[in-house]
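Each chain, letter by letter, is given below.
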Amino acid sequence: MAIHITIEDQDDRPERMARDPDRYFADARRRAEREVMQHARWLLAAPSDRKHR
């Protein structure tokens, strides 16, 4: 007997990617750049200024 698994997902990335790939990848690049800059600021902060995650 095959097991059927249903996953309810609110992820609309495939639809957004298909609808407007240029915007989707531009948004992803901006998000990644923001994350890298936030991480770099955290790494370069004085140890006493760092917030532990």
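Residues numbered from 1 in each chain as written. Predicted model: local features only at pLDDT ≥ 70, side-chain atom pairs only at ≥ 80, totals over all residues. Heavy atoms only, no water.

## Things to note about the overall build of the chain
Consideration 1: For the chain, the count of helices and strands is 2 helices and 0 strands.
Consideration 2: Scored against the burial criterion, the 53 residues of the chain give a buried share of 4%.
Consideration 3: With the model as given, the accessible surface of the chain reaches about 5500 Å², and the carbon-plus-sulfur share is 55%. (Helix = DSSP H or I, 4+ residues; strand = E, 2+ residues; numbered from the N terminus. Buried < 20%, exposed > 50% of the residue type's maximum accessible area, 1.4 Å probe, protein only. Areas by Shrake-Rupley, 256 points an atom, 1.4 Å probe, with all protein chains shown as cover.)

## Let's talk about the packing of aromatic side chains
Consideration 1: If you walk through the whole model with that rule in mind, you get 1 aromatic pair.
Consideration 2: Seen from their ring centres, tyrosine 24 and phenylalanine 25 are 5.1 Å apart, and the 85° between their planes marks the pair as edge-to-face.
Consideration 3: Classification of phenylalanine 25 as partly exposed rests on a relative accessible area of 46%. (Phe/Tyr/Trp six-rings, centres within 6.5 Å; stacked < 30°, edge-to-face > 60°.)

## A word on the pattern of salt bridges
Consideration 1: Going through the model one piece at a time under the given rule, you end up with 5 salt bridges.
Consideration 2: Put simply, aspartate 12 and arginine 16 hold a salt bridge, and the shortest N to O gap is 2.9 Å.
Consideration 3: Overall, the relative accessible area of 26% leaves arginine 16 in the partly exposed class.
Consideration 4: Among the salt bridges present, the one from arginine 23 reaches aspartate 27, with a minimum N-O distance of 3.7 Å. With arginine 23 and aspartate 27 both in helix α2 (residues 21-44) and 4 residues apart, this pair spans about one turn of that helix.
Consideration 5: Among the ionic contacts, a cluster of salt bridges with common partners joins Arg23, Asp27 and Arg30. (Salt bridge = Lys/Arg side-chain N within 4 Å of Asp/Glu carboxyl O.)

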